[in-house]
Amino acid sequence: MSTVLYGLGIVAQTVAARRADDRPGAGVGLLARLASDRLYLLGFAGQAGGFGFAFLSREHLPLYLVQAGSSCAVGLATVIGVVLLGWRIRRVEVAVLAVMACGLLLLTGAAAPSSARELPLLPSLAVLGLLTLAVLPLARALKSATPVLAGVAFAVVAVAARTVAGKPLPELVSHPLTWLMVIAAFAGQACLAASLQRGSATSAVASMDATTVVISSVAGLAVMGDRIAPGREWWVVLGILLVVGGVLVLGATAAPARRLVPAGGER
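The rules we used
Residues numbered from 1 in each chain as written. Predicted model: local features only at pLDDT ≥ 70, side-chain atom pairs only at ≥ 80, totals over all residues. Heavy atoms only, no water. Helix = DSSP H or I, 4+ residues; strand = E, 2+ residues; numbered from the N terminus. Buried < 20%, exposed > 50% of the residue type's maximum accessible area, 1.4 Å probe, protein only. Contact = heavy atoms within 4.5 Å. Areas by Shrake-Rupley, 256 points an atom, 1.4 Å probe, with all protein chains shown as cover. Patch = residues over 30% accessible without salt bridge, like charges linked within 9 Å, V, L, I, M, F, W, Y side chains within 5 Å. Salt bridge = Lys/Arg side-chain N within 4 Å of Asp/Glu carboxyl O. 1 Å grid on protein atoms, 1.4 Å probe; cavity = no way out; pocket = protein on both sides within 12 Å on 5 of 7 lines; lining within 4 Å. Points joined across faces, edges and corners; volume = space filled by probe spheres on them. Nonpolar A, V, L, I, M, F, W, Y, C, P; charged D, E, K, R; others polar. Phe/Tyr/Trp six-rings, centres within 6.5 Å; stacked < 30°, edge-to-face > 60°. Axes fitted to C-alpha atoms, helices over the stretch in contact; angles between N-to-C directions. Parallel < 35°, antiparallel > 145°, perpendicular 65-115°, else oblique. Left-handed = near helix turned anticlockwise from the far one by under 90°. Core = buried A, V, L, I, M, F, W, Y, C linked by side-chain atoms within 4.5 Å.

*Asks:* Pulling in residues and values, what's your account of the overall build of the protein chain?
*Replies:* Scanning the protein chain for helices and strands turns up 12 helices and 2 strands. Sequence-ordered secondary structure for the protein chain, helices as α and strands as β, is α-α-α-α-α-α-β-α-α-α-α-α-β-α. The 267 residues of the protein chain split such that 50% are buried. In the protein chain, 85% of the contacts between residues at least 6 apart in sequence involve partners at least 24 apart. Surface summary for the protein chain: the accessible area is close to 11,900 Å², and the carbon and sulfur share equals 72%.

Have a look at this one:
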């Protein structure tokens with residue numbers, strides 16, 4: 001369900017972002033303008049619903065499994081866009097998505113259920129907070145890197161969510177990492193909106209998701225107690241290599257923005 005909602009959200013947000021007027025900015029101004037667009041809000045609702053299902057899953061499942069499942073939404077969004085909206089997708093993008101899917105499947109097959117290790121509050125707030133605060137300034141300076149920066153922000157969301165998932169509601173609402181998660185989600189959404197407006201939806205979302213998968217997988221395994229099924233450690237290594245390789249190829253062969261406009265023409 002999380003993947004379906006994410007996929008529908010990506011399609012709706014892409015169409016809304018592409019028909020918005022393009023003005024200078026790192027994505028915050030664009031996000032403010034899109035807040036009055038019903039189609040964009042529908043897409044945002046889909047993403048929020050997908051996040052809700054993913055959030056519940058993070059209580060007992062490792063990050064690389066949850067993020068791998070969420071990342072499959074880019075493939076579903078592409079299929080929806082091609083079938084219903086006439087988006088054009090090149091064969092190289094299809095091939096790279098297939099390679100990335102293999103990597104994500106390896107990560108999924110290597111997963112073992114586990115509960116998160118409690119992170120020290122002050123160090124985790126400092127590290128995750130600095131990453132979050134750096135996203136939007138870097139997006140202004142490096143506009144071509146906005147998909148990757150969106151992925152960094154959503155990796156912060158994933159790590160924070162893994163930490164607070166399962167806590168009682170009063171503790172969840174008052175926990176500092178919950179509010180940091182909200183701020184990081186806003187920064188990631190701003191970068192994603194800018195990415196969808198400027199370039200290929202497939203390339204942008206794939207780059208964002210792959211970045212999130214890699215960072216959150218490393219964080220989960222290194223410091224949060226995520227486990228790997230016995231004898232399948234190499235699945236994780238190979239899976240991450242395939243995902244990162246796919247991102248590099250998509251970045252080098254990114255389709256121009258016109259390819260994600262519905263076949264009826266630009267607006």
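Still more to cover.
*Asks:* Give a description of a nonpolar patch on the surface that names residues and reports values.
*Replies:* On the surface, a nonpolar cluster with roughly 380 Å² of combined accessible area is contributed by Val79, Val82, Val83 and Leu84. Secondary-structure assignment places Val82 in helix 5 (residues 73-85).

*Asks:* Quick rundown of the layout of surface pockets? Include the residues and the values.
*Replies:* The computed volume of the largest pocket comes to approximately 610 Å³. In terms of lining, the largest pocket is formed by 27 residues, of which the most central are Gln47, Phe51, Phe154, Ala185 and Gln189. Of all the secondary-structure elements, those providing two or more residues to the lining of the largest pocket are helix 1 (2-19), helix 3 (38-57), helix 4 (63-71), helix 8 (146-164), helix 10 (176-198) and helix 11 (201-223). By residue class, the composition of the lining of the largest pocket is 20 nonpolar, 5 polar and 2 charged.

*Asks:* Now, about the packing of aromatic side chains: what can you tell me, with residues and values included?
*Replies:* Inspection of every chain in the model, using the stated rule, returns 1 aromatic pair. Measuring from ring centre to ring centre gives 5.9 Å for Trp234 and Trp235, while their planes differ by 75°; the resulting arrangement is edge-to-face. Residue Trp235 is classed as partly exposed on the basis of its relative accessible area of 22%.

*Asks:* Got a sec to walk through the side chain of Asp37? Specific residues and values, please.
*Replies:* Structurally, Asp37 can be placed in the loop between helix 2 (28-34) and helix 3. Not counting the four nearest positions on each side in its chain, Asp37 is found in contact with Ala16 and Arg19.

*Asks:* I'd like a rundown of the environment of Ile89, residues and numbers included.
*Replies:* One can find Ile89 in the loop between helix 5 and helix 6 (91-109). Counting along the chain gives 10 residues from Ile89 to Val79, while the straight-line C-alpha distance between them is 9.6 Å.

*Asks:* Go over the pattern of salt bridges, please, and point to the residues and values.
*Replies:* Applying the stated criterion to the full structure yields 2 salt bridges. Its salt-bridge partner being Asp226, residue Arg162 comes within 2.7 Å of it at the nearest N-O pair. Pair noted here: Arg162 is in helix 8 and Asp226 is in the loop between helix 11 and strand 2 (227-228), with a separation of 64 residues, a long-range link. Notably, a salt bridge pairs Glu171 with Lys167, separated by 3.6 Å at the nearest N-O pair. What makes Glu171 partly exposed here is its relative accessible area of 37%. Assessed through its relative accessible area of 17%, Lys167 is described here as buried.

*Asks:* Please set out the packing of helix 7 (residues 121-141) against helix 8 residue by residue, giving values where relevant.
*Replies:* Put simply, helix 7 and helix 8 touch, their axes get as near as 10 Å, and they point 160° apart. Here helix 8 runs roughly antiparallel to helix 7, going by the angle between their axes. Taken as a pair, helix 7 and helix 8 cross one another with a handedness that is left-handed. Contact residues: Leu128, Leu131, Thr132, Val135, Leu138 and Ala139 in helix 7; Thr146, Leu149, Val152, Ala153, Val156 and Val159 in helix 8. When its residues are assigned to classes, the contact of helix 7 with helix 8 shows 10 nonpolar, 2 polar and no charged.

*Asks:* Provide a residue-level description of the nonpolar core, including the pertinent values.
*Replies:* Counting residues in each nonpolar core, the largest one holds 49 residues, and the members touching the most others are Phe55, Val135, Val159 and Cys191. Ranked by the residues each element gives to this core, the list is headed by helix 8, at 12 residues. Ignoring any residue separated from it by four or fewer positions in sequence, one finds Val135 in contact with Leu149, Val152, Ala153, Ala187 and Cys191. Counting 13 residues, the second largest nonpolar core, distinct from the first, contains Ala68, Leu97, Met100 and Leu104.

Nothing here speaks to function; it is geometry throughout.
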